[in-house]
Amino acid sequence: DNVRTPKLITDAANFTVIRAGYHTMALEENGTLWAWGRNGKGQIGDGNTTDVTTPKIINGMVFETISAGDEHSMALEDNGTLWVWGRNGKGQIGDGSTVDRNRTKSINGMVFETISAGNEHSMGLEENGTLWVWGRNDEGQLGDGTTTDSNIPKTINGMVFKAISAGGLYSMAIDSNDELWTWGYNIS
């Protein structure tokens, strides 16, 4: 049933970050990840595809930041190591496949400062401002000048950014001159 007034979900933890897609992710101040909600594509990361009705701790790892896409999840360790799991039909996990993952999966060799999960695409920003994008690209949301999906991260050459956000079918970034850039779906 729908909840028409605010409801306490849990008082078992002190949360500092929350993110919502078709599921919910919350990060405690100590970096513990909790997740709950729809899990048909494994986006909770608990090794199952059964919906989770109450918050549960995921894999015992410590994360610095999180991002929830529609049906995939991203998390960064404090050393910048990226973990991605859930739906992967368009390559949004970035592991070179299109196989869904119901457990957290490290994307080897990638070290990011900021991440953002969109509908079916993902973005990662390195400390030096290099932007990496992967996943669905039918509306040009990867910004590479094509409409071809990518199941591995690819860089947007020559651009230096300091903030990113992946939308449903579009992407946005702020460059080092504080100018806003956007690309992808643009219906009026």
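A brief look at the structure comes next. Model, not experiment: these values are computed from the prediction. (Residues numbered from 1 in each chain as written. Predicted model: local features only at pLDDT ≥ 70, side-chain atom pairs only at ≥ 80, totals over all residues. Heavy atoms only, no water.)

### Concerning the overall build of the chain
Alright, step 1. Of the regular secondary structure elements, the chain holds zero helices and 15 strands.
Alright, step 2. Taking the principal axes of its C-alpha atoms as reference, the chain extends roughly 45 × 35 × 30 Å.
Alright, step 3. Put simply, the chain has 188 residues, and 47% of those count as buried.
Alright, step 4. Within the chain, residue pairs in contact and separated by at least 24 positions form 42% of the contacts whose partners lie at least 6 positions apart.
Alright, step 5. Carbon and sulfur atoms form 45% of the exposed surface of the chain, whose accessible area is close to 9600 Å².
Alright, step 6. Side-chain charges of the chain comprise 14 positive and 24 negative groups, with the mean position of each set lying 9 Å from the other. (Helix = DSSP H or I, 4+ residues; strand = E, 2+ residues; numbered from the N terminus. Buried < 20%, exposed > 50% of the residue type's maximum accessible area, 1.4 Å probe, protein only. Contact = heavy atoms within 4.5 Å. Areas by Shrake-Rupley, 256 points an atom, 1.4 Å probe, with all protein chains shown as cover. Lys, Arg positive; Asp, Glu negative; His and termini not counted. Charge placed at Lys NZ, Arg CZ, Asp CG, Glu CD.)

### Observations regarding the sheet that holds strand β8 (residues 101-111)
Alright, step 1. Taken in spatial order, the four strands line up as β5-β6-β7-β8 in an open sheet, and their pairing is antiparallel. The sheet terminates laterally at β5 (65-68) and β8, the two strands that pair on one side only. Neighbour-to-neighbour, the strand axes of the sheet open up by a mean angle of 20 degrees, direction not taken into account.
Alright, step 2. As judged from the five bridges shared by strand β6 (residues 72-76) and strand β7 (residues 81-86), these two strands associate in the antiparallel manner. Counterpart to Ala-75 in the pairing with β7 is Trp-83. (Pairing = 2+ DSSP bridges. Axes fitted to C-alpha atoms, helices over the stretch in contact; angles between N-to-C directions.)

### Here's the deal with a negative patch on the surface
Alright, step 1. A contiguous patch of negative charge, built from Glu-64, Asp-78, Glu-113 and Glu-127, is present on the exposed surface.
Alright, step 2. Note on placement: Glu-127 falls in the loop between β10 (121-125) and β11 (131-135). (Patch = residues over 30% accessible without salt bridge, like charges linked within 9 Å, V, L, I, M, F, W, Y side chains within 5 Å. Salt bridge = Lys/Arg side-chain N within 4 Å of Asp/Glu carboxyl O.)

### Topic: the nonpolar core
Alright, step 1. Core analysis: the largest hydrophobic core is formed by 19 residues, its most contacted members being Met-25, Leu-27, Leu-33, Phe-63, Ile-66 and Trp-85.
Alright, step 2. Among the elements of the structure, β2 (23-28), β3 (32-37), β4 (52-62), β5 and β7 are those that each provide at least two residues to this core.
Alright, step 3. Looking at this core, the element that brings in the most residues is β3, giving four residues.
Alright, step 4. Here Leu-33 is in contact with Met-25, Ala-26, Leu-27, Lys-56, Ile-57, Ile-58, Met-61, Phe-63, Ile-66 and Trp-85, once residues within four sequence places are set aside. (Core = buried A, V, L, I, M, F, W, Y, C linked by side-chain atoms within 4.5 Å.)

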